[in-house]
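# Structural overview for review
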Amino acid sequence: MASPATAMTPPVTPDPPPRRRRSRTTDRGLDRAFRYLAVGSGMLILATLASVAIFLVLEALPALTHDDLASEIAWIPEGGNLGDVVGPLIFGTILAAIVSLGLAVPVAVGIALFISHYAPRRMASALGYVVDLLAAIPSVVFGLWGVLVLAPKVQPVWQFLVDYFGWIPLFAGDEHGNASNPPRVLMTTALVLAVMILPIITAVSREVFLQTPRLHEEAALALGATRWELIRMAVLPFGRSGVTSAAMLGLGRALGETMAVLMILSPGFLYSFKLLVASQQQTIAANIAAKFNDADDIGRSALIATGLALFVITLLVNLGARAIVARRKDFSGAN
Amino acid sequence: MAQRIDVKDLNIYYGDFLAVAGVEMSVEPRSVTAFIGPSGCGKSTFLRTLNRMHEVIPGAHVEGTVAMDGVDLYGAGIDPVAVRRQVGMVFQRPNPFPTMSIAENVLAGIKLNNKRISKSDADETVERALTSANLWNEVKDRLNRPGSGLSGGQQQRLCIARAIAVKPQVLLMDEPCSALDPISTLAIEDLVSELKADYTIVIVTHNMQQAARVSDRTAFFNLKATGQPGRLVEIDDTPTIFSSPREQATEDYISGRFG
Ligand SMILES: Nc1ncnc2c1ncn2[C@@H]1O[C@H](COP(=O)(O)OP(=O)(O)O)[C@@H](O)[C@H]1O
Ligand SMILES: [Mg+2]
C-alpha cells in the first residue's frame, strides 16, 4: 500500500523526508482498515441479532398461527392456548430474575465498596480474586450445590419466614402453612442465581467505584465527611449508572440461566408470588431445556415461541437499562 | 469565628520521603496569608496539613505541631473529620459534586454536620453562602440545575460557597485561580479580600501579582534541589517580601531571577 504513494512522490523534493511520508501513508491505510473493521464488526453484530430474531420468528410461526395447540401439545391445558402457558412462564422468569437481583445487588455493592474503599490493599485484591473465581464455576455445578448443599440448609430459614412473615404474600406457605420440603422453590432458585450473578455485578461495581474521581472524594473529605459519608456523597452517586448497568448485566444472565433453575426449581405454571412453595412457577429457559428433547415439530415450534418471548424481554431489559442510565445524564458527572 | 494558627517544627512525609522540613510560622486571624514558591517545593503539601487532608494519602504523615487557637490539631484524641469541619478547603480544580444541584452542593457540608435542616434554614443558608461567594445573582434562577453546568469560574465560586456554608474557622485555597480565565480570577480575588473580614485565609498561588494583590502576609517556600525537602524560606508582611526581603533566595524568585 505504501509503495505506490512513495512512487508518486517527486524524487527531487528534499523535505519532508520520504520516511516520514511513507509512515504517514501507512497510518492512513491503518486508519482506513480500522474503520472498515469497526463498521464491519458493527454490521456483523446487527446481522447476527437480526438472524436470531428472524430464526425465532420463522420457527415460532407454526405454533403462533396454529388454532388448536392444546390438542397437539400435552403441556398446554385443555381448551387453552399458547398464551396460557407463555404468560406464567414470562411471569416466572421475571420473578426469579428480580428476586435474585434483589438478593445479589446489595451484597455485590457491599463487597465492591469494601474492596474499593475499606479493605487494606492486599486483602482487597485477594477478595477480588475470590469473587472472580465464583464466575468460573459452571452453572451445572451451582445446580448440584443448590440441590445437595444449599437446599437442606435453607429449608428451616424458609420455614421461619413462613411462620413469622407469612402474612407477606411473597412468604405465604402452602395449604398446611408450611414452606415446601425439599425446598425446590423459587426462593432457593433465586438464591443460587444470586450467587451466580454476584461476581459480574461485584466486578463491574468495583471498577466503577475505583474510578470515582479523586477530586470529588477529596471534596467530600475536606468538608469533613467520614468514610461512609464520603461513599454516600461521592462514590455512590458517581457509580450509580455503572451499578445499574452491572445489575442489568446480572439480570440478563439471571433471565437466561437454564441449568441451575432446571435442577432446583419444581415447575408450575401459575401467576403465583409464593416464593417458598414448590410447583408454582417456571422460567422460560428451564422450560425449553426440560421439554425440547421430547417435543415433536409443533411442540418445538411452541417452545421456540416462548424463546422469542425471552428474547424480547431481554431486549427490553437492555433498553430499560439505557433509559435509566440516560435519565440523569445531566447529573452523571460525564460532562 | 476566625482563629490563629501556630505551626511548630513541622516535618511532612510521604512514606519515607521527607517532602517539607522544619516549618515554623504563625497565621493571624482575619488575614490573608499567601504561599509562593517554585512548583514542587511543598506548598500544597503544607497547606493540606492544616486541615489534616495530607494523611488521606496512604503512608503520608507529619511530625510536629499545628495549633489552632492553642489546640494541637495532631494531638491525641483529635478527630481529623472534626478538624476538616472547622477548616474549609478550596482546590486547584473546581470540584462541585456532579450529581448534586447547585443548592445541594452548597448544603453538602451542612448535611454532614447536622443531618436535619428545615427548608427555610436551608434556603437561607444557600442564599447567604452564594451571596458571600458573589454567585447568587448568576445562579438564583437555576438552583436546582447541576453545578457542573456552570463555567469554571462559577464552579470555583460554588466550591467557595460550599466551603463557607458551614462557617469554618479557616479557609484554605490551593491555587484556586490556576484553572480560571482572568475575569474569573479577578472575581475570586475580590471575593478573597471580602471574605477576610470573617475568615482566616491561607492561599497558595503561583502568581506573584496575585499574592501581592490579595495577601497581608506572604510566605516563600523553596527547595534546594529535587529530592530535597522543601523549606519555608521566610514569611513577612507582603509589602516587605516584595520590596525588601531578608533572604537573597526570595529576592531572586520575586525578581524572576530564579532558575
Ligand atoms: N501524593 C504524593 N505522593 C508522594 N509524593 C508527593 C505526593 N504529592 C506531592 N508529592 C511530592 O511532594 C513534593 C511537594 O509537592 P507539592 O506539595 O505538590 O508542591 P507544590 O504544591 O509546591 O507544587 C514534591 O516533591 C512532590 O513530588
Ligand atoms: Mg501545588
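These numbers come from a predicted model, not from an experiment. Position numbers for residues count from 1 along each chain, tracking the sequence in the order it is written. Just so you know, chain letters begin at A and ligand numbers begin at 1, following the order they were written in. With pLDDT at 70 or above as the cut-off, local features in this predicted model cover only qualifying residues; side-chain atom pairs require 80 or more to be listed or tallied, and sums for whole chains, interfaces and linings still use all residues. Derived side-chain values reflect all non-hydrogen atoms in the structure, with water molecules and hydrogen atoms excluded from consideration.

Of the regular secondary structure elements, chain B holds ten helices and ten strands. In this description the radius of gyration comes from C-alpha coordinates, and the expected globular size is given by 2.2 Å times residues to the power 0.38. Over its C-alpha trace chain B gives a radius of gyration of 18 Å, about what one expects of a compact globule, namely 18 Å for 259 residues. By residue count, 56% of the 259 residues in chain B fall in the buried class. In chain B, the proportion of contacts linking residues at least 24 apart, taken out of those at least 6 apart, comes to 68%. In these tables, accessible area is a Shrake-Rupley quantity obtained with a 1.4 Å probe, and a residue counts as shielded only by the protein chains included in the view. If you sum the accessible surface of chain B, you get close to 10,800 Å²; carbon and sulfur atoms cover 49% of it. Asp and Glu count as negative and Lys and Arg as positive, but His and the ends of the chain are not part of the count. We put the charge of a Lys on NZ, of an Arg on CZ, of an Asp on CG and of a Glu on CD. The averaged location of the 31 negative side-chain charges in chain B is 6 Å from the averaged location of its 27 positive side-chain charges. Counting from the N terminus, the helices are DSSP H or I runs at least four residues long and the strands are E runs at least two residues long. The rule is simple: take the accessible area with a 1.4 Å probe, protein chains only, and divide by the maximum for that residue type; under 20% is buried, over 50% is exposed, in between is partly exposed. Any two residues whose heavy atoms approach within 4.5 Å are treated as being in contact.

Here we come to the confidence of the model for chain B. pLDDT gives the predictor's per-residue confidence on a scale running from 0 to 100. Of the residues in chain B, 97% reach a pLDDT of 70 or more, and the chain-wide mean stands at 92. Taken over the whole predicted complex, pTM reads 0.84, whereas the ipTM for its chain interfaces reads 0.93.

Once that is clear, we can look at the site of ligand 1. Residue and element names in this part refer to chain B. Note on terminology: near, applied to a residue and a molecule or strand, indicates that one of the residue's heavy atoms is within 4 Å of it. As a structural note, the neighbourhood of ligand 1 is formed by Tyr14, Phe17, Ala19, Ser39, Gly40, Cys41, Gly42, Lys43, Ser44, Thr45 and Ile57. In the environment of ligand 1, an oxygen atom lies 2.9 Å from a nitrogen or oxygen atom belonging to the backbone of Lys43. One of the side-chain N or O atoms of Ser44 is found 2.6 Å from an oxygen atom in ligand 1. Look at ligand 1: alone it shows 560 Å² of surface, and the protein chains cover 62% of it. For the shell around ligand 1, the secondary-structure elements that each account for two or more residues are β2 (17–27) and α1 (43–49). Here the shell around ligand 1 takes three residues from α1, the largest share from any one element. What qualifies as a polar contact is a pair of N or O atoms within 3.5 Å, subject to a donor-acceptor requirement within protein and to the restriction that residues adjacent in sequence count only when both atoms come from side chains.

What follows deals with the pairing of strand β8 (residues 200–204) of chain B. All names here are of chain B. Across the five residues of β8, five count as buried, placing the element largely inside the fold. Neither face of β8 is left uncovered, since the one carrying Thr200, Val202 and Val204 and the one carrying Ile201 and Ile203 both have all their residues buried. When DSSP finds two or more bridges between a pair of strands, those strands are recorded as paired. Pairing between strand β3 (residues 32–36) and β8: four bridges, direction parallel. Bridging from a neighbouring strand, Val32 pairs with Ile201 of β8. Pairing of strand β7 (residues 170–174) with β8, which is carried by five bridges, proceeds in the parallel orientation. Residue pairing for β8: Asp174 is matched across the bridge by Val204. Call a crossover right-handed when, viewed with both strands pointing away from you, the route from the first strand across the helix to the second goes clockwise. For the handedness criterion, the β-α-β arrangement of β7, helix α7 (residues 182–195) and β8 is classed as right-handed.

Ring geometry is summarised as follows: Phe, Tyr and Trp rings, the Trp one being its six-membered ring, pair when their centres sit within 6.5 Å, and such pairs are stacked at plane angles under 30 degrees, edge-to-face over 60 and tilted between the two. Counted under the stated rule, the structure contains ten aromatic pairs over all chains. Joined through ring pairs, the aromatic side chains of A:Phe160, A:Tyr164, A:Phe165 and A:Trp167 make up one cluster.

We now examine the UniProt feature "domain: ABC transmembrane type-1" (unreviewed entry) in chain A. UniProt positions are given in the numbering used here, feature names are shortened, and annotations may be inferred rather than shown by experiment. Look at the UniProt record and you will see "domain: ABC transmembrane type-1" (unreviewed entry) annotated at residues 90–321 of chain A. For residues 90–321 of chain A, the end-to-end C-alpha separation is 19 Å, with 75% helix and 0% strand making up the annotated structure.

Before going further, it helps to examine the packing of helix α6 (residues 139–165) of chain A against helix α7 (residues 186–210) of chain A. Residue and element names in this part refer to chain A. Lines fitted to the C-alpha atoms define the axes, with helices restricted to the stretch that makes contact. Angles between their N-to-C directions range from 0 to 180 degrees. It is at 8 Å that the axes of α6 and α7 come closest, and there the two elements cross at 130°. Viewed along their axes, α6 and α7 adopt a mutual orientation that is oblique. Judged by the twist between their axes, the crossing of α6 over α7 is right-handed. Residues Ser139, Phe142, Trp145, Gly146, Leu150, Ala151, Val154, Trp158 and Leu161 of α6 form the contact with α7, whose participating residues are Met187, Thr188, Leu191, Val192, Val195 and Met196. When an angle is under 35 degrees it counts as roughly parallel; over 145 it counts as roughly antiparallel; between 65 and 115 it counts as roughly perpendicular; any other value is oblique. Less than a right angle of anticlockwise turn of the near helix away from the far helix marks a crossing as left-handed, whereas a clockwise turn marks it as right-handed.

We now examine the nonpolar core. Residues and elements named next belong to chain B. Among buried residues, those of type Ala, Val, Leu, Ile, Met, Phe, Trp, Tyr and Cys that are joined through side-chain atoms within 4.5 Å constitute a nonpolar core. Residues Met25 and Phe46 are the most contacted members of the largest nonpolar core, which totals 46 residues. Per-element accounting of this core gives the leading share, five residues, to β2. Residues within four places of Phe46 in sequence aside, it is in contact with Val7, Leu10, Ile12, Val23, Met25, Phe35 and Phe221.

Per the UniProt record, "transmembrane region" (unreviewed entry) is annotated on residues 33–58, 89–115, 127–151, 185–205, 259–278 and 298–319 of chain A. In residues 185–205 of chain A, the share of helix is 95% and the share of strand is 0%. The end C-alpha atoms are 29 Å apart.

The subject of this paragraph is the interface of chain A and chain B. In many analyses, interface size is given as the accessible surface area lost on bringing the parts together. On the side of chain B, 30 residues touch chain A, which itself brings 24 residues to the contact. Salt bridges are identified by distance alone: a Lys or Arg side-chain nitrogen within 4 Å of an Asp or Glu carboxyl oxygen. Joining chain A to chain B, the criterion identifies two salt bridges. Residues A:Glu218 and B:Arg48 are paired through a salt bridge, measuring 2.9 Å at the closest nitrogen-oxygen approach. For the pair chain A and chain B, the interface holds five residue pairs in polar contact (both at pLDDT 80 or more).

On to the packing of helix α4 (residues 82–118) of chain A against helix α9 (residues 227–256) of chain A. Residue and element names in this part refer to chain A. At a closest axis distance of 9 Å, the pairing of α4 and α9 adopts a crossing angle of 140°. Seen from above, α4 lies across α9 with right-handed handedness. For the pair α4 and α9, the contacting residues are Thr93, Ile94, Ala97, Ile98, Ser100, Leu101, Val105, Val109, Leu113, His117 and Tyr118 in the first and Arg227, Trp228, Leu230, Ile231, Val235, Leu236, Val243, Ala247, Gly250, Leu251, Ala254 and Leu255 in the second. Partitioned by chemical class, the residues of the contact of α4 with α9 number 18 nonpolar, four polar and one charged. Classification convention: Asp, Glu, Lys, Arg as charged; Ala, Val, Leu, Ile, Met, Phe, Trp, Tyr, Cys, Pro as nonpolar; all other residues, Gly among them, as polar.

This part takes up the side chain of A:His117. Residues and elements named next belong to chain A. Following the sequence through the fold, His117 ends up in helix α4. Residue His117 is classed as buried on the basis of its relative accessible area, which comes to 12%. Engagement of the side chain of His117 in a polar contact is seen with the side chain of Ser116, the distance being 2.8 Å. A polar contact of 2.8 Å, which involves the side chain of His117, links it to the side chain of Glu217. Ignoring sequence-local partners within four residues, the contact set of His117 consists of Phe209, Glu217, Arg227, Leu230, Ile231 and Val235.

Taken as a whole and assessed by the stated rule, the structure comprises 15 salt bridges over all chains. Salt bridges sharing partners connect three or more residues here, namely A:Arg214, A:Glu217, A:Glu218 and B:Arg48.

Attention now moves to helix α8 (residues 214–222) of chain A. Among the nine residues in α8(A), seven count as buried, and that is most of the element. Where α8(A) is concerned, the buried positions are A:His216, A:Glu217, A:Glu218, A:Ala219, A:Ala220, A:Leu221 and A:Ala222.

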